[in-house]
Each structure stands twice: as C-alpha cells, then as structure tokens.
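Working through the structure, step by step
Below, each chain spelled out in residue letters.
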Amino acid sequence: MAVTSESTTVWTGTLNEGSGTVSLDSSKTGEFAVNWKARSEGVSNTTNPEELLGAAHSACFSMQLSGALTRAGHPPESIQVTAAVTFEAGRGVLGSHLLVSARVPGLTEEEFEAFAEDAKQNCPISQALTGIPITIEAELA
C-alpha cells in the first residue's frame, strides 16, 4: 500500500523580506517558521528546507539500518543519526553527511560499517537524493 505524506507551506512576501510557515500534516504541535535569512545565513529558532530534509534523511536511514540489522540477526539496542545537509545560496544543496552511532551487540566495527554503508545506499531518501553527495561516519557506541 502506498502512503502519501503531506506538508504545507504558506509564504508571504518577497524572497528576502518575506517569511512563511511549514506545517506537517501529521503534527499537532504547530508550525515551523521559515525565511530566507535562516536558509542562507543560518538563524537559530527558525527552520529551513535543509533542516527538514535532514530530518527525513536521518529518520529514513535509521529505519533502513535497523531493519537490515534485525533481518541479519543483530537487532540494535539504539541508533542515533544526525544528517547535516549543506546549502549554499546560488548553488543549492551541496550534500548530506550522516553521522551515525549505534549500540549493536555482537558486531565488529567493520561489520557495522558495512551495514551502515548499505543503509546509506538503499534508504529511500538517499535514493531520492542521488543528485548530491552523501557521506557517512558510522561507529559503534
């Protein structure tokens, strides 16, 4: 069964002076403020499309890695993934860097890195991001 997920952005004004809000269909916690300054210069307390992309990438990768480890008989105790998505005005999204730390009993560091690399290649969000470099640092906690 296919699932379609939605989010909505309402933008008011020009690119440089305007601002908007992003709401996630599944979230009852409110809206995320967005504006160009947060995107191009980095502003605390205001999100940007790359932060949202990073959230999608880290969540997808975590699920892919957990599933692969579990199917191979190595259920993880915990997985923490940070996706750092870099944006440059005029050039666009330059890449996504995954920083992974996990507790997986019974695996060597080499085995874990192989699982992490496979998850990086095969998570659906990574596959959707084939136009940018995706790098990874993965280690057992």
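In what follows, the structure referred to is the one given above.
Residue numbers here run from 1 along each chain, matching the order of that chain's written sequence. Restriction of local features to residues with pLDDT of at least 70 applies here, the model being predicted, together with a cutoff of 80 or more for giving and counting side-chain atom pairs; totals for whole chains, interfaces and linings are based on all residues. To obtain the side-chain values, all non-hydrogen atoms of the structure were included, while hydrogens and water were left out.

1. So, the pairing of strand β4 (residues 78-88)
For clarity, the cut-off: At least two bridges found by DSSP between two strands are what make those strands a pair. Secondary structure elements are taken from DSSP: a helix is a run of H or I of four residues or more, a strand is a run of E of two residues or more, and numbering for both begins at the N terminus.
Note that β4 and strand β5 (residues 92-103) share 11 bridges and pair antiparallel. When the sheet's bridge partners are listed, Val-81 is paired in β5 with Val-100. Between the end of β4 and the start of β5, which pair antiparallel, lie 3 residues, with Gly-90 showing a positive phi angle near 90 degrees.

2. Regarding the nonpolar core
Applicable threshold: Nonpolar core, defined: a set of buried Ala, Val, Leu, Ile, Met, Phe, Trp, Tyr and Cys residues in which side-chain atoms within 4.5 Å join the residues together. Only protein chains enter the accessibility calculation, which uses a 1.4 Å probe; a residue whose area is less than 20% of its type maximum is buried, one above 50% is exposed, and one in between is partly exposed.
Counting residues in each nonpolar core, the largest one holds 20 residues, and the members touching the most others are Phe-61, Leu-65, Leu-98, Val-100, Val-104 and Phe-112. Looking at this core, the element that brings in the most residues is helix α2 (residues 49-71), giving 4 residues.

3. With respect to a negative patch on the surface
Threshold: Like charges within 9 Å and nonpolar side chains (Val, Leu, Ile, Met, Phe, Trp, Tyr) within 5 Å are joined into patches, using only residues over 30% in relative accessible area that form no salt bridge. The protein chains shown are the only cover counted for residues, whose accessible areas, like all others here, come from Shrake-Rupley with a 1.4 Å probe. Within this document, salt bridges are pairs made up of a side-chain nitrogen of Lys or Arg and a carboxyl oxygen of Asp or Glu, the two lying within 4 Å of each other. The charge count includes Lys and Arg as positive and Asp and Glu as negative, but it does not include His or the ends of the chains. In plain terms, the charge of a residue is placed at NZ if it is Lys, CZ if Arg, CG if Asp and CD if Glu.
On the surface, Glu-109, Glu-110, Glu-111, Glu-113, Glu-137 and Glu-139 cluster together into a negatively charged patch. Broken down by secondary-structure element, the contributors of at least two residues to the negative patch are α3 (109-122) and β6 (134-140). Take the negative patch: its biggest share by element is 4 residues, from α3. With respect to the element layout, Glu-109 can be found in helix α3.

By themselves, these are just geometric observations and shouldn't be taken as functional.
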